[in-house]
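Examining the three-dimensional arrangement
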Amino acid sequence: MYFPRIFNSLNVSMQVQYMTELLELNEKTKEYGLVLTPKDVELMMAARNEVLHSYGRVELSIEVTKALIEVFSASSFIQQENYADTLNELHEIFYDLKNETEDRISDMKLLHRMKEMFEEDCEGSLGLLKSRLEEYAEEFRRELQKNESLTEGEEDYWDLKN
């Protein structure tokens, strides 16, 4: 049969669609002086796929990548010169945090927590962000272990539902 050809053509088609969707975000991010080139997007998708593979994760869409771009593009700490590299590192940090919190916190909550810490506590330092988020995940896991089933107050603290 022709299954390998069919799957390959589907994969190529999806990659083109993803690239188009990500490049369309330039309309939103250019107001912050940030623009991704087709080559940037290609390299970012390769880096994203490598990160997903290294963490044993599967993502069937690029919604996290799109949200990452939208959430972080307003940062005063991200400049055009480091934009693509920063997004690649943020992918790594995000998926590490997803694993460390056992997927119990929604993607958007994690992204907004990352952005808040990046802006306020870390003043744009990705190394410091990673360190602070490791502490955050450790505290989260400790609370999960301490309370096998979360009480209502703890759900509010971790804001898991949204």
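Residues numbered from 1 in each chain as written. Predicted model: local features only at pLDDT ≥ 70, side-chain atom pairs only at ≥ 80, totals over all residues. Heavy atoms only, no water.

Structural notes on the packing of aromatic side chains
- This structure, assessed with the given rule, holds three aromatic pairs.
- Relative to Tyr95, the ring of Phe94 has its centre 5.0 Å away and its plane inclined at 80°; by these criteria the two rings are edge-to-face. Across the pair, exposure class does not vary: Phe94 and Tyr95 are buried alike.
- Members of the aromatic cluster, connected to one another through ring pairs, are Phe72, Phe77 and Phe118. (Phe/Tyr/Trp six-rings, centres within 6.5 Å; stacked < 30°, edge-to-face > 60°. Buried < 20%, exposed > 50% of the residue type's maximum accessible area, 1.4 Å probe, protein only.)

Describing the side chain of Thr86
- Looking at the secondary structure, you find Thr86 in helix H5 (residues 83-100).
- For Thr86, a relative accessible area of 6% gives the class buried.
- With near-sequence residues (within four places) excluded, Thr86 lies in contact with Ile78 and Leu126. (Helix = DSSP H or I, 4+ residues; strand = E, 2+ residues; numbered from the N terminus. Contact = heavy atoms within 4.5 Å.)

What about the nonpolar core?
- Counting residues in hydrophobic clusters, the biggest one holds 40 residues, and the most contacted among them are Leu22, Leu36, Ile69, Phe72, Met114, Leu129 and Leu133.
- Sorting the residues of this core by element identifies helix H1 (3-24), helix H3 (38-54), helix H4 (63-72), H5, helix H6 (107-121) and helix H7 (126-146) as the ones contributing at least two each.
- Counting residues per element, this core draws most heavily on H5, at eight residues.
- For Ile69, the contacting residues outside a window of four places in its chain are Leu22, Leu25, Thr29, Leu36, Met44, Tyr83 and Leu87. (Core = buried A, V, L, I, M, F, W, Y, C linked by side-chain atoms within 4.5 Å.)

Observations concerning the packing of H4 against H5
- For the pair H4 and H5, the least separation of the axes is 11 Å and the interaxial angle reads 120°. The orientation of H4 with respect to H5, classified from their angle, is oblique. Once H4 is placed against H5, the crossing between them reads as right-handed. For the pair formed by H4 and H5, the contact residues are Val64, Thr65, Leu68, Ile69 and Phe72 on the first element and Tyr83, Leu87, Leu90, His91, Phe94 and Tyr95 on the second.
- Within the contact of H4 with H5, the residues separate by chemical class into nine nonpolar, two polar and no charged. (Axes fitted to C-alpha atoms, helices over the stretch in contact; angles between N-to-C directions. Parallel < 35°, antiparallel > 145°, perpendicular 65-115°, else oblique. Left-handed = near helix turned anticlockwise from the far one by under 90°. Nonpolar A, V, L, I, M, F, W, Y, C, P; charged D, E, K, R; others polar.)

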